[in-house]
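Analysis of the macromolecular model
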Amino acid sequence: MIKQTGTLISHLVCEGCGRTYDPRKIYTLCTHETCRYILSARYNLSEAKVKKEDLRTQPANMWRYKEFLPVYNEECIVTLGEGYTPLLKVSNLPTEGTQVFIKDESGNPTGSFKARGLSAAVSKAKELGIRKLVIPTAGNAGGALAAYAAKAGMQTLVYMPRQTPEAFKKEAKLLGAGVIEIDGNISDCGKLVQQKSANEDWFDVSTLKEPYRLEGKKTMGYEIAEQLNWEVPDIILYPTGGGTGLLGIWKAFSELEELGWIGARRPRMVAVQSDCCNGIQLAFQQAETESVYKDSGATIANGLRVPHPYANRSILKVIRESNGNAVSVSDGDILTALRELASREGLLVAPEGAALWHAFKSLKRSGWIREGEKVLLLNTGSGYKYFDNIPV
Ligand SMILES: Cc1ncc(COP(=O)(O)O)c(C=O)c1O
Ligand SMILES: [Zn+2]
């Protein structure tokens, strides 16, 4: 007998045109030719019997929220213990009258928050009978996919920019993936992955072109609310590559409100980019609803080298709806911030996470972050894989 998870998933909806799709079938993007925008899962939250108090007996990983995740069959859940990461308080570095928390995702399997999205995506792929997965990656997502696919007994191909630090390549190879190095950036990898999946039976798990990575990442939002005793912070800073985490956290808060677990108050959401790929920041400043392709070279924060996020319209919408902001950070400032967090807080964060500490300082200095506010930074990964590029 199949053991059911009790998921409340009802359908997928296109964030562009509103068409709906069946989560028991395989989909990537909206199939309507003129649309092709992202699909997002919806749940019958009004039917939820589970109460927030029930979470006390749930496992300390992201599947504690399984009713709000997309998998039907308990046996299809592919887990390596992802999620339920600590919320740490910045206590030595000056926070100038604010409270700054770091949600530290570095302890996830393969050392980054990508574990969450890929646990959800690989689990759902298993349920849908998919056997071969292909992904373009800045590094962390490739390692995470390789790990979950290994656990699920699936095949994986990873397309990675050649200049990605060696640790990411070795990680994915050791975890059993085929690694293809590309002379180009993640957009170039993405195009090749698209061709591969169009011509052969490889399923494309590109971020947001596959509907369920978002579901895994949204569990960061569930945890933030749970760990702050069902209060959301005033401000959340997120290192934005493809933007999946930012969209996922925002989605989590509307689900939690629908469940009656939090109120209507929302954090101001801040997208933090690298100076090399700051298309969202430019579009935000210029009051545009869409961003354009922008890539002016490499950054030590590989995960932020995304020249044109597929979901750019949605990211801009969330920033505006939340009265948020968009900031970009140079590699020099990322390195300074990384060293400060390491030497003063004992945290060896990924450069993507370090960018947020710099962004916090500059938003505080400008007065956009005010005294008394509660600020949350997402350290999305561990710094260890980046050592090749971090001068000591
Ligand atoms: C450590 C780290 N932070 C942030 C990002 C960006 O994530 P997203 O694509 O969800 O915006 C990445 C993506 O590679 C990453 O590896
Ligand atoms: Zn559509």
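Residues numbered from 1 in each chain as written. Chains lettered and ligands numbered in written order. Predicted model: local features only at pLDDT ≥ 70, side-chain atom pairs only at ≥ 80, totals over all residues.

**So, the environment of Trp 357**
Note that Trp 357 resides in helix H10 (residues 351–365). Remark: the alpha-carbon pair of Trp 357 and Ile 334, spanning 23 residues in sequence, is separated by 8.2 Å. Not counting chain neighbours up to four residues away, the residues in contact with Trp 357 comprise Ala 337, Glu 340, Leu 341 and Leu 377. (Helix = DSSP H or I, 4+ residues; strand = E, 2+ residues; numbered from the N terminus. Contact = placed C-beta atoms within 7 Å.)

**A closer look at the domain arrangement of the chain**
One can read the domain layout of the chain as domain 1 (9–76), domain 2 (87–111 + 213–389) and domain 3 (114–204). Here the C-alpha centroids of domain 2 and domain 3 sit 24 Å apart. Taken together, the contact pairs 24 residues of domain 2 with 23 residues of domain 3. Tallying contributions element by element places helix H5 (residues 213–227) first for the side of domain 2 that touches domain 3, with 6 residues. Tallied by class, the residues present in the side of domain 2 that touches domain 3 amount to 6 nonpolar, 11 polar and 7 charged. (Domains from an automatic or database assignment. Nonpolar A, V, L, I, M, F, W, Y, C, P; charged D, E, K, R; others polar.)

**Re the site of ligand 1**
By nearness alone, 18 residues border ligand 1, and Gly 241, Gly 242, Gly 303, Glu 352 and Gly 381 come closest of all. Elements that contribute at least two residues to the shell around ligand 1 include exactly helix H2 (140–152) and helix H6 (244–259). Both domains that meet at the shell around ligand 1, namely domain 2 (87–111 + 213–389) and domain 3 (114–204), each give it at least three residues. (Near = placed C-beta within 6 Å.)

**Section: unusual backbone geometry**
Positive phi, close to 45°, is recorded for Glu 96, a residue that is not glycine. For Glu 96, the location among the structural elements is in the loop between strand E4 (87–89) and strand E5 (99–104).

**Description of H10**
Taking 1.5 Å per residue, 15 residues should reach 21 Å; H10 reaches 21 Å between its end C-alpha atoms and fits that length. For H10, the tally of buried residues reaches 12 of 15 residues, placing the bulk of the element in the interior. (Expected span 1.5 Å × (residues − 1). Buried ≥ 20, exposed ≤ 12 C-beta atoms within 10 Å, placed from the backbone.)

**Comments concerning the pairing of strand E10 (residues 235–239)**
Burial within E10 is extensive, with 5 of its 5 residues counted as buried. Burial along E10 is two-sided: Ile 235, Leu 237 and Pro 239 facing one way and Ile 236 and Tyr 238 facing the other are all buried. In the sheet, E10 pairs with strand E11 (residues 268–274) via 5 bridges, with the strands oriented parallel. Residue pairing in the sheet places Ile 236 in a bridge with Met 269 of E11. Handedness of the E10-H6-E11 crossover: right-handed. Relative to strand E13 (residues 374–379), E10 runs parallel, the two being bridged by 3 bridges. Residue Leu 237 lies in a different strand from E13, and its bridge partner there is Leu 377. (Pairing = 2+ DSSP bridges. Right-handed = clockwise from strand over helix to strand, strands pointing away.)

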